[in-house]
Amino acid sequence: MTKQDIFDAYSDYIMPTYTKMPHIFVKGKGMRLYDIDGKEYLDFFPGWGVGNVGHCHSSVLSAVRDQVGKLIHLPNNYYHPAQAKLAREIVRNSFDGKVFFSNSGAEANEAAIKLARAYGSKFDTPKYEIITFENAFHGRTLATVTATGQRKYQKGFEPLVEGFKTNLPFNDFSALASAVSDKTVGVLLEVVQGEGGINVAENGFVSSIRRLCDEKKMLLIIDEVQTGLGRTGKMFGYQNYDIKPDMITLAKSLGGGLPIGCMLAKREIADTLQPGMHASTFGGSPIVCKAALGVFKAIIKDKMLGNTQKMSSYLFAELKGLSAKHKSIKEVRGLGLMAGIELNINGKTVVEECIKHGLLINCTHDRVLRLMPALNVTKRQIDLAVRTIDKVLQGVSYAG
Ligand SMILES: *Cc1c(COP(=O)(O)O)cnc(C)c1O
């Protein structure tokens, strides 16, 4: 197929649900992506948050290669050692509980919502309502797009799912406290909002929510789909705070590029889901569990948490320098290697110009450049990325 054939086949045969950029990539290795002409790119947004260990990490490759010739899929009414090992690995790195495996972040959140409702149904006055925040993102299924609360993702798909209170102001505890009722079963929160523009939850906000949840017998559910697996410098984002959640959800980087999602709930809540109540045909298949074990191995063996913390300080110092230099930058914020550069202008051209210079980044919420390099990124790669953004911002006009 020529490049034009590929573009044509997409427009003829694939639903236009994605805003696409005219680049065809065929190979990835670590921090690099290669296009069909062999041009090399530095990838500072690998897989929309999937690439915490970079492209095609050797630990993931060897785990998948080993498994693919033995058994690809196994129904969930049998046992497999890889699923057992992965469940134990997730629990050992977070808190005592039990997991349910799905194939995506939205499905992990669906499972969390269903478990919360099943748990809430046992109260004398049944509780079912879930509270979420302004600029949240929890997925695209009907329940999770309802939880997401953003009109732009909901328009045309009404009626939405009942039982959600959405768009509470982020980092505003008193607003949350007055929204809670005796029907509220849980609070669903990202400790760093990713899609919503890299907004970091404050310590006091998170610990107040924890206290309120304890008081009112509500569940604190942390959506770690983007913040999980080392992204914030800790294995899970909530570990930057002085709290323990009742549930977390994972996906994106968990499978090193393969589709896997996971919902972990505290032991006393987990057994609410009894045989037959929830299921997934593909969830936690041998291959994806092996891949995820490869991801844990890569993060731990290559000391990626330490590197994330070190490179985070370096990256944010560099970005602050950039911000002092460019009027087009309004604010720099983030945690670990989850960085947002809020501009005074639309970020679309900046992203396009960066690609022309061989740097892949993202823009979310129209104006926030999002950088989420692999956790083993080096100083030199950060220098290269920052220099490129510097050069591009010099070229964009800002009449502010
Ligand atoms: C991407 C994302 C999701 C949805 O994950 P999918 O795998 O695309 O369904 C949910 N929550 C957060 C915080 C995300 O970043």
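Residues numbered from 1 in each chain as written. Predicted model: local features only at pLDDT ≥ 70, side-chain atom pairs only at ≥ 80, totals over all residues. Heavy atoms only, no water.

Section: the site of the ligand
Taken together, Ser104, Gly105, Ala106, Asn109, Phe137, His138, Gly139, Glu190, Asp223, Val225, Gln226 and Lys252 make up the full set of residues adjacent to the ligand. One of the backbone nitrogen or oxygen atoms of Gly105 is found 2.8 Å away from an oxygen atom of the ligand. Here Gln226 contributes a side-chain N or O atom positioned 2.7 Å from an oxygen atom of the ligand. Protein chains bury 81% of the 390 Å² of accessible surface belonging to the ligand in isolation. Residue classes in the shell around the ligand are distributed as three nonpolar, six polar and three charged. (Near = heavy atom within 4 Å. Polar contact = N/O pair within 3.5 Å; in protein donor to acceptor, adjacent residues only side chain to side chain. Areas by Shrake-Rupley, 256 points an atom, 1.4 Å probe, with all protein chains shown as cover. Nonpolar A, V, L, I, M, F, W, Y, C, P; charged D, E, K, R; others polar.)

Here we look at the sheet that holds strand β1 (residues 25-29)
Read from one edge of the open sheet, four strands run β1-β2-β3-β15, paired in mixed fashion. The sheet terminates laterally at β1 and β15 (359-360), the two strands that pair on one side only. In the sheet, strand β3 (residues 40-43) pairs with β15 via two bridges, with the strands oriented parallel. Counterpart to Leu42 in the pairing with β15 is Leu359. (Pairing = 2+ DSSP bridges. Helix = DSSP H or I, 4+ residues; strand = E, 2+ residues; numbered from the N terminus.)

A word on the side chain of His57
Structurally, His57 can be placed in the loop between β3 and α2 (58-68). By relative accessible area, which is 10% here, His57 ends up buried. Polar side-chain contacts of His57 include one of 3.0 Å to the backbone nitrogen of Ser59. If we skip the residues at most four places from it in the chain, His57 touches Ala298, Asp302 and Met304. (Buried < 20%, exposed > 50% of the residue type's maximum accessible area, 1.4 Å probe, protein only. Contact = heavy atoms within 4.5 Å.)

A few points about the environment of Lys3
With respect to the helices and strands, Lys3 occurs in helix α1 (residues 3-13). Each C-alpha atom, one on Lys3 and one on Ile36, is 8.3 Å from the other, the two residues being 33 residues apart in sequence. Leave out the neighbours within four places in its chain, and Lys3 touches Ile24, Ile36 and Asp37. Here the side chain of Lys3 touches Asp37 through a polar contact of 2.8 Å, side chain to side chain.

Side note on the pattern of salt bridges
Within this structure, the stated rule accounts for 18 salt bridges. In this structure, Arg267 and Asp96 form a salt bridge, with 2.9 Å as the shortest nitrogen-oxygen distance. Note that Arg267 is positioned in helix α9 (residues 267-270) and Asp96 in the loop between α3 (81-92) and β4 (97-102), a separation of 171 residues in sequence. Beyond isolated ion pairs, a larger network of salt bridges with shared partners links Arg210, Asp214, Asp246 and Lys266. (Salt bridge = Lys/Arg side-chain N within 4 Å of Asp/Glu carboxyl O.)

As for the domain arrangement of the chain
Each domain of the chain was delimited in the assignment, giving domain 1 (3-53 + 303-394) and domain 2 (58-301). Taken over C-alpha atoms, the centre of domain 1 sits 26 Å from the centre of domain 2. The interface of domain 1 with domain 2 comprises 27 residues on the first partner and 32 residues on the second. Summed over both partners, the interface of domain 1 with domain 2 comes to about 2300 Å²; 60% of that surface belongs to carbon and sulfur atoms. Ranking the residues of domain 1 by area buried against domain 2 places Leu335, Met338 and His365 at the top, with a combined share of 27%. (Domains from an automatic or database assignment. Buried area = accessible area lost by both parts, 1.4 Å probe.)

Details of the pairing of strand β10 (residues 219-223)
Looking along a regular strand, one sees side chains alternate from face to face of the sheet. For β10, the tally of buried residues reaches five of five residues, placing the bulk of the element in the interior. Residues Leu219, Ile221 and Asp223 line one face of β10 and the alternating positions Leu220 and Ile222 line the opposite face, and both faces are buried. By the bridge criterion, four bridges tie strand β7 (residues 184-189) to β10 in an arrangement that is parallel. Along β10, the bridge assignment pairs Leu189 with Ile222.

Describing the packing of aromatic side chains
One pass over the structure, following the stated rule, counts nine aromatic pairs. Centre to centre, the rings of Phe137 and Tyr153 are 5.5 Å apart; their planes meet at 75°, and the pair counts as edge-to-face. Here Phe137 is found in the loop between β5 (129-133) and α5 (142-148), whereas its partner Tyr153 is found in helix α6 (residues 151-154), with 16 residues between them in sequence. For Tyr153, a relative accessible area of 12% puts it in the buried group. Aromatic pair Phe236 and Tyr238: ring centres 6.5 Å apart, planes at 5°, arrangement stacked. Grouping residues by exposure puts Phe236 and Tyr238 together as buried. Over the ring of Tyr34 we find Lys27; its NZ or CZ atom is 5.0 Å from the centre of that ring. Stacked on the ring of Phe123, the Lys or Arg Lys127 has its end atom at 5.1 Å from the ring centre. (Phe/Tyr/Trp six-rings, centres within 6.5 Å; stacked < 30°, edge-to-face > 60°. Lys NZ or Arg CZ within 6 Å of the ring centre and 35° of its normal.)

Let's talk about a nonpolar patch on the surface
A cluster of nonpolar side chains, Tyr10, Tyr13 and Ile14, forms an exposed patch at the surface whose accessible area comes to about 370 Å². For Tyr13, a relative accessible area of 69% puts it in the exposed group. (Patch = residues over 30% accessible without salt bridge, like charges linked within 9 Å, V, L, I, M, F, W, Y side chains within 5 Å.)

Some details on the state of the cysteines
By the definition in use, this model includes zero disulfides. The thiol of Cys56 is unpaired, and the distance to the nearest cysteine sulfur, on Cys289, comes to 20 Å. Given a relative accessible area of 37%, Cys56 falls into the partly exposed group. Not part of a disulfide, Cys354 finds its nearest cysteine sulfur in Cys363, a span of 11 Å. (Disulfide = S-S within 2.5 Å.)

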